Amino acid sequence: MLKQFFIICSGADTELLKACSSGEQNKYAGIGATVFFTAVMAFIASSYALYTVFDNLYTAIFFGLIWGLLIFNLDRYIVSTIKKTGNVIDELIQATPRIILAVIIAVVISKPLELKIFEKEINQVLLEQKNELTLANKQQIAEQFNPSIETANKKIAALNKQIETKEAEVNTLYDVYISEAEGTAGTKLLGKGPVYKEKREKHDALLAELEALKQENKAKILAAETEIANLKRNYETQVVNTQPIIKSFDGLMARVNALGELPWLPSFFIFLLFLAIETSPIFAKLLSPKGAYDFKLEDQE
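Residues numbered from 1 in each chain as written. Predicted model: local features only at pLDDT ≥ 70, side-chain atom pairs only at ≥ 80, totals over all residues. Heavy atoms only, no water.

Novice: Looking at this structure, how should I read the environment of L252?
Specialist: Along the chain, L252 turns up in helix α8 (residues 252-261). Not counting residues up to four positions away in its chain, the partners in contact with L252 are A49, T52, V53 and L115. (Helix = DSSP H or I, 4+ residues; strand = E, 2+ residues; numbered from the N terminus. Contact = heavy atoms within 4.5 Å.)

Novice: What is the right way to read the packing of helix α1 (residues 2-9) against helix α3 (residues 22-54) from this model?
Specialist: The packing of two helices is summarised by the inter-axis angle and the distance between the axes. Running from amino to carboxyl end, α1 crosses α3 at an angle of 70°, the nearest separation of the two axes being 7 Å. With respect to α3, the axis of α1 lies roughly perpendicular. For α1 against α3, the interelement crossing comes out left-handed. Residues K3, F5, F6, I7 and C9 of α1 lie in contact with α3, whose contacting residues are S22, Q25, N26, Y28, A29, G32, A33, V35, F36 and F37. Here the contact of α1 with α3 is built from residues that sort into 10 nonpolar, 4 polar and 1 charged. (Axes fitted to C-alpha atoms, helices over the stretch in contact; angles between N-to-C directions. Parallel < 35°, antiparallel > 145°, perpendicular 65-115°, else oblique. Left-handed = near helix turned anticlockwise from the far one by under 90°. Nonpolar A, V, L, I, M, F, W, Y, C, P; charged D, E, K, R; others polar.)

Novice: How do you make sense of the nonpolar core when you look at a structure like this?
Specialist: One broad trend across soluble globular proteins is that nonpolar side chains are buried collectively. I109, I122 and I282 are the most contacted members of the largest nonpolar core, which totals 28 residues. Among the secondary structure elements, those contributing two or more residues to this core are α3, α4 (57-80), α5 (88-117), α6 (119-182), α8 and α9 (264-287). No other element matches α5, which puts 8 residues into this core. Discounting chain neighbours no more than four positions away, the residues touching I109 are T38, M41, A42, A45, I71, F274 and E278. If you look at the next biggest cluster of nonpolar residues, it comprises 13 residues, including I141, I149, A224 and I228. (Core = buried A, V, L, I, M, F, W, Y, C linked by side-chain atoms within 4.5 Å. Buried < 20%, exposed > 50% of the residue type's maximum accessible area, 1.4 Å probe, protein only.)

Novice: Help me out: how do you make sense of the confidence of the model for the protein chain in this one?
Specialist: Parts of the prediction with low pLDDT should not have their coordinates interpreted in detail. Considering every residue of the protein chain, the mean pLDDT works out to 81; 89% of them sit at 70 or more. Per-element confidence in the protein chain ranges from a low mean pLDDT of 68 for helix α10 (residues 292-300) to a high of 86 for α4. (pLDDT = per-residue confidence, 0-100.)

Novice: I tried to follow the side chain of S267 on my own but got confused; where do I start?
Specialist: For S267, the location among the structural elements is in helix α9. A relative accessible area of 11% places S267 in the buried class. At 3.4 Å, the side chain of S267 and the side chain of E114 are in polar contact. (Polar contact = N/O pair within 3.5 Å; in protein donor to acceptor, adjacent residues only side chain to side chain.)

Novice: I keep staring at the pattern of salt bridges and nothing clicks. Help me out?
Specialist: One side chain can pair with another of opposite charge once the charged atoms of both are near each other. Scanning the model with the defined rule gives 6 salt bridges in all. With a closest N to O distance of 3.0 Å, K116 and E119 form a salt bridge. Put simply, E167 and K214 hold a salt bridge, and the shortest N to O gap is 3.1 Å. Of the two residues, E167 sits in helix α6 while K214 sits in helix α7 (residues 194-247), which places them 47 residues apart along the sequence. (Salt bridge = Lys/Arg side-chain N within 4 Å of Asp/Glu carboxyl O.)

Novice: Honestly, the side chain of Q25 in this entry has me stumped. Any pointers?
Specialist: In this structure, Q25 sits in helix α3. Residues contacting Q25, with those up to four places away along its chain left out, are K3, I7, L17, K18 and C20.

Novice: Can you help me understand the packing of aromatic side chains in this one?
Specialist: Two numbers describe a pair of aromatic rings. These are the distance of the centres and the angle of the planes. Using the criterion set out here, one finds 10 aromatic pairs in the structure. Note on F6 and F36: the rings are 6.0 Å apart at their centroids and 55° apart in plane angle, and the pair reads as tilted. Placement of F6 in helix α1 and of F36 in helix α3 is noted, with a sequence separation of 30 residues between them. Relative to F268, the ring of W264 lies with its centre 5.7 Å away and its plane at 65°, an arrangement referred to as edge-to-face. (Phe/Tyr/Trp six-rings, centres within 6.5 Å; stacked < 30°, edge-to-face > 60°.)

Novice: Quick question: what am I supposed to make of α1 here?
Specialist: The periodicity of an α-helix, 3.6 residues per turn, causes residues three or four places apart in sequence to face the same way. Taken as a whole, α1 has its buried residues at F6, I7 and C9. For α1, the angular spread of the buried residues around the axis is 155°, confining them to a single face. Next to the buried residues of α1 lie α2 (14-18), α3 and α4. Just past α1, the residue G11 takes up positive phi, approximately 80°. (Arc of directions from axis to C-beta.)

Written as structure tokens, this is what we have:
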């Protein structure tokens, strides 16, 4: 039963093979088994690849099954259309397009399995890439807010500078009228005379201006600090909102690119393995001598 199933998988004419020897039947059963298990590997590989895309097991299995059947049909067609003519050059010419197609299929099958085999190493590469993207994303977002924050900080510094300048003027006038009262400067007359009173009035007027300036600038500084706090809050909000996009940066294309960052030799050997599996039915048919089945098929045609 199993032998008959594999013969069907090989694409051979079952009625003709029944009249052939057991060895001839086993040859085509082996070819059919290779075709079948290649399709199974294609189903597994495509299901995993599609799972990384859809994140849904049933969807991945459904489309993986369709892909596996497609590969099975292609392989069966490739093997069944190679005719044994007894001329090596003619057989190579007719097999060349089928070998090229087999190479393409081997690449398609091997790549998703490479992603699964090197999953831990790929995750490490993706983690490093995500960290770089996170830093770059924060820097890009910061570039949107930093000019406004810097402008607000400069405004606060200018307002504080105004207060400091006014305080310095007030302190200078205070020293002047105290020196006048003590007789150490100005008229150098001890006591609180008319000059002292004049200088004291200037000081008091400037002190009143200082207090008014402090109240006015305090309100402006508070508004600037509120603006800075809002800008920083908006910056943090944008960072948080964009982080899920970076966290989800592990799709099929990202994993394939991450695989490309790893050493090429292990992936190349896995590709060679699947290439050998995929092309083995073709070469088995090319290398085998023209058998009873081939003669019967030629006579029938």
